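Structure at a glance
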Amino acid sequence: MVQGDHQRVLGNPKFQELVRTRSSFAWTLAAAMLAIYLGFILLVAFARDLMAVKIGDGVTSLGIVLGLVVIVSAFLLTGIYVQRANSRFDDLTRDLTKEIA
Amino acid sequence: MRRRFVLPLTTAAMLGVAGAAAVALAAPAVEGGGKQGLNLAAILMFFAFVAGTLFITYRAAQGSKSAADFYAAGGGITGFQNGLAIAGDYMSAASFLGISGLVFASGFDGLIYSIGFLVGWPIVLFLVAERLRNLGKFTFADVASFRLDQTQIRILSATGTLVVVAFYLIAQMVGAGKLIELLFGLDYGWAVAIVGALMIVYVAFGGMKATTWVQIIKACLLLGGATFMALAVLWNFGFSPEAMFSEAVRIHPRGDAIMAPGGLVADPVSTISLGLALMFGTAGLPHILMRFFTVSDAQAARKSVFYATGFIAFFYILTFIIGFGAITFLMNDPSYYTAPAAGGTVNKITGLLGGTNMAAVHLANAVGGSLFLGFISAVAFATILAVVAGLTLAGASAVSHDLYAEVIARGRASERREVNISKASAVVIGIVAIFLGYVFENQNVAFMVGLAFAVAASCNFPVLLMSTMWKGCTTFGAMVGGFAGLVSAVMMVVFSKAVWVQTFGFKEAWFPYDNPALFSMAIAFFGIWLASKSDASQRARDEVASYDAQYVRSETGIGAASAHIH
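Every value quoted in this text rests on a predicted model; they were computed, and no experiment measured them.

What counts, and where the lines are drawn
Residues numbered from 1 in each chain as written. Chains lettered and ligands numbered in written order. Predicted model: local features only at pLDDT ≥ 70, side-chain atom pairs only at ≥ 80, totals over all residues. Helix = DSSP H or I, 4+ residues; strand = E, 2+ residues; numbered from the N terminus. Rg over C-alpha atoms; globule rule 2.2 N^0.38 Å. Buried ≥ 20, exposed ≤ 12 C-beta atoms within 10 Å, placed from the backbone. Contact = placed C-beta atoms within 7 Å. Nonpolar A, V, L, I, M, F, W, Y, C, P; charged D, E, K, R; others polar. Core = buried A, V, L, I, M, F, W, Y, C linked by C-beta atoms within 7 Å. Axes fitted to C-alpha atoms, helices over the stretch in contact; angles between N-to-C directions. Parallel < 35°, antiparallel > 145°, perpendicular 65-115°, else oblique. Arc of directions from axis to C-beta. Left-handed = near helix turned anticlockwise from the far one by under 90°. pLDDT = per-residue confidence, 0-100.

1. Digging into the overall build of chain A
- If you tally the helices and strands in chain A, you get four helices and zero strands.
- Secondary structure elements of chain A, listed N to C terminal, follow the sequence α-α-α-α.
- Taking 13 Å as the expected radius of gyration for a compact globule of 101 residues, we find that chain A reaches 21 Å, considerably beyond that expectation.
- Projected onto its principal axes, the C-alpha coordinates of chain A cover approximately 65 × 25 × 20 Å.
- Each of the 101 residues in chain A was classed as buried or not, and the buried ones make up 30%.
- Long-range contacts, defined here as pairs at least 24 residues apart, represent 64% of the contacts in chain A between residues at least 6 apart.

2. Concerning the overall build of chain B
- Scanning chain B from terminus to terminus reveals 22 helices and zero strands.
- For 566 residues, the compact-globule estimate of 2.2 N^0.38 gives 24 Å, and the C-alpha radius of gyration of chain B, at 23 Å, lies within 12% of that figure.
- Split into buried and exposed, the 566 residues of chain B put 64% on the buried side.
- Taking as baseline every contact in chain B between residues at least 6 positions apart, the subset at least 24 positions apart corresponds to 83%.

3. A few points about the environment of Gly83(B)
- Along the chain, Gly83(B) falls in helix 4 (residues 79-90).
- Excluding anything up to four places from it in sequence, Gly83(B) contacts Lys303(B), Ser304(B), Phe306(B), Tyr307(B), Ala308(B) and Phe311(B).

4. What to know about the interface of chain B and chain A
- Taken together, the contacts link 44 residues of chain B with 42 residues of chain A.
- Going through the elements one at a time, helix 6 (109-118), helix 7 (120-135), helix 11 (241-251), helix 12 (268-281), helix 14 (298-330) and helix 22 (547-556) of chain B are the ones with two or more residues in the side of chain B that touches chain A.
- The biggest single contributor to the side of chain B that touches chain A is helix 14 of chain B, with 10 residues.
- Counted by class, the side of chain B that touches chain A contains 30 nonpolar, eight polar and six charged residues.

5. Here's the deal with the nonpolar core
Residues and elements named next belong to chain B.
- Within the largest apolar cluster, 255 residues are counted, with the highest numbers of intra-cluster contacts made by Val 195, Ile 312, Leu 363, Leu 385 and Val 455.
- Sorting elements by how many residues they give to this core places helix 15 (residues 359-408) first, with 30 residues.
- Setting aside residues no more than four positions away along its own chain, Val 455 makes contact with Gly 160, Val 163, Val 164, Leu 486, Ala 489 and Val 490.

6. So, the packing of helix 12 of chain B against helix 20 (residues 517-534) of chain B
All names here are of chain B.
- It is the contact of helix 12 with helix 20, at a shortest axis distance of 7 Å, that shows an interaxial angle of 55°. As far as their axial angle goes, helix 20 and helix 12 are oblique. Of the residues in helix 20, those touching helix 12 at Val 269, Ile 272, Ser 273, Leu 276, Ala 277 and Phe 280 are Ala 517, Leu 518 and Met 521.
- Among the residues making up the contact of helix 12 with helix 20, the classes are represented as eight nonpolar, one polar and no charged.

7. Describing helix 11 of chain B
Residue and element names in this part refer to chain B.
- For helix 11, every residue scored as buried is listed here: Met 244, Phe 245, Ala 248 and Val 249. Looking down the long axis of helix 11, one finds its buried residues gathered within 130° of arc, a one-sided arrangement.
- Tucked inside the fold, the buried residues of helix 11 contact helix 10 (188-236) and helix 14.

8. Some points on the packing of helix 2 (residues 13-46) of chain A against helix 7 of chain B
- Contact geometry of helix 2 of chain A with helix 7 of chain B gives a least axis separation of 9 Å together with a crossing angle of 160°. In terms of their interaxial angle, helix 2 of chain A and helix 7 of chain B are classed as roughly antiparallel. Here helix 2 of chain A and helix 7 of chain B pass one another in a crossing that is left-handed. Contact with helix 2 of chain A, carried on its side by Ala26(A), Leu29(A), Ala30(A) and Met33(A), involves Pro122(B), Ile123(B), Phe126(B) and Leu127(B) of helix 7 of chain B and no other residues of that element.
- Of the residues that constitute the contact of helix 2 of chain A with helix 7 of chain B, the class distribution is eight nonpolar, no polar and no charged.

9. Focus: the confidence of the model for chain B
Residue and element names in this part refer to chain B.
- Averaged over all residues, the pLDDT of chain B equals 85, while 91% of them reach at least 70.
- Contacts of residues 1-35 to residues separated by more than four positions or lying in other chains number 33 contacts, the stretch itself having pLDDT below 50.
- This stretch, residues 562-566, has a pLDDT under 50; its non-local contacts, to residues over four places away or in other chains, come to eight contacts.

This is the structure we're talking about:
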C-alpha cells in the first residue's frame, strides 16, 4: 500500500461502516461469551446447592445441564460470527477494496 | 539431495530403536507391578502410525523449499483441515486421559475444566484471528511488532513463546514418558527419548506441513476412538444419559456428590483466576496462533476456528461420557484395581491400576477388548507426538524467524539460512526437551500446563491485543506490561502452594491462590497502559501515528495479500 493511502480508506464511509458494525458485533459476542462463562463459574463457586438441584425425578443435576448449555453456546456463538463475517462483512470488504483500487 | 538420504536412514534407525527397546523391555514389564503387559496390537498400530506419518514427513520434506512452506505449509491448508489440526493441538493426551480421569474421580468437576478450555475459542475468533491473519506472516510476533520496534518486541514475543513452549513441553514429555511406560511397558527414559527423536524428525524435516498432517490424522483417530467408546457406553444404557448418571451415582463412593461442584473449586478466587487463564491463554498460545497462517485467507481462518470449536466441544462431551462410563464399567470390576492389602478394601478411585488417568484406557478394554485397548493406547501415544511436534515448531520459529532473522541478522538473513536455523533450533529444542523430561521425571508437573496458559494469558495475549486494538500502545508500554505480566505470572506460581510448599518444601505459600492469571493479567494490561501513557519520546509519537495504516490493514487485509503470497 502506498504511503498515505490509508487516509483515503479511513475516510471512506464503507470502511467506517465495516469497522463499526463488525467491531460492535464482535465485542457483543465476546461479552456474551464472557458473561455466560463467568456466570457459570460464579454459580460453581458460590451457588453449589443450586447447581446440585435435580432435573425432574432423575439424578441429572442443573449443573450438568448448564455446563452443556455453555459448551453448546460457545459453538453457536462462533457459528453466528462466522456466518455473518463470511457473508456481510466480506461483501463490505470486497466492495471497499474495489472502490479504492 | 542430501535430505532424501538422511530421512529413510533416520526412519530405519528410529524404528530399530523403538522395536529393540520394546522387545528388550517386554520381560521386565511383566514383572513390574505398575506397568502393563506388552500389548502387541498397540505396538503394531503405533508402528503403523509412525510409518505413515514418517512417509508424510518424507513427502513434505521433498516439497518444502521456502520459508512459507516451512512455517506455514505454504498457506495451502483448507479451513476444515486447519480446524481439525487446531482441535488436534488442543486434544492432547493430557486432556483426553486427564479430563476423563477427573470425571471418573469426581464427576461434575471434570466439566469445569473442559468448559474453560473450550470458551477461549470464541474469544480467539472474535478478537484475534482476523487481525492476526491480516497483519502477520508466520508468528504472532509479526503482528505485535507491526508498527512497534522490531528488535524489542520480537525479543519479548520470543521470550513469551519460549517460556510457554518450555512449560507446556515439559508437562507433555513427563506425561508422555509415564503414559508410555504404563501402556507399552517401555522404560521411562526410552519413552521420552523416542518421543523427542520422532518430534525432531517431524519438525526438522517436514516443517509445518508434516506437523499439520500428523495432527490431522491423529485428531481423526482420537475423535473416532472416543466416539466409539462413548457410543458403546451409551448403548449399554439404551442411549439414556439419565440411566448412565443414576447407575454412576449408585456405584461411585461419593454417591450423589459427583453430580454437583465438589472439592476442586474450594476457593472462588482460584476458580475465577483459572477460568481467565484458560479462556485468554488460548488466545496467546504460540503454537495455536501459528496455525492461522497456514490457511489462504481470513475467511478460511474464521472457518477453521468454527470447525475447531465444534470438534473440541464434541470431544469434551465425549470425554465426559467416557468418564461416567468408566465409573459404571470399572468400579465394580476388581480386575482393574490393585489388590488391597490383606483385610483392606479397594479404594474405588485411587486404587485404579495406573491411577485415575488410566480410566479411559481401561474403559477401552472393557468395551472393546484388547484390540481396542491397543488402538486407544496407540492413539494416546500418537496424540503426544503430534502435540509436542506442534510445540517444537512454534519454539523453533520463535528462534529463527523472530530472534535470528529480525534481531540478530536485522532482517538481512537469507530465507534459506533462516529455515536452516529453524531446523537446527528444532533439533536443539528436541534434545533439551528430552533432557528436561528426564530430569523432571519424579517432579510434580501438573501445574505446568496451567502455568503455560497463565503466561500466555498474561504476556502474549495482552501485548497482541493492545498493539492491534489500542492506538496509544507503544513499544515501551508493551515491553513493560508484557515482561511484568510474564514475570509476575511465573513468580506467583513459584510462590504458590503447588511449587513453594509441595516442590520446595517450604512451610507456607506466599501466594495464596492456585492460579495467577487474575492478578498477572491485570498487571500486564495496567503496565502496558501506564508505560505507554508515560512515554513521551519521539518514537512513541511515531508509533501512535502509524496506527492508522496498521488499523486499515488489520480490519480489511488491504495490503496484506501482496505481503505474503504463498
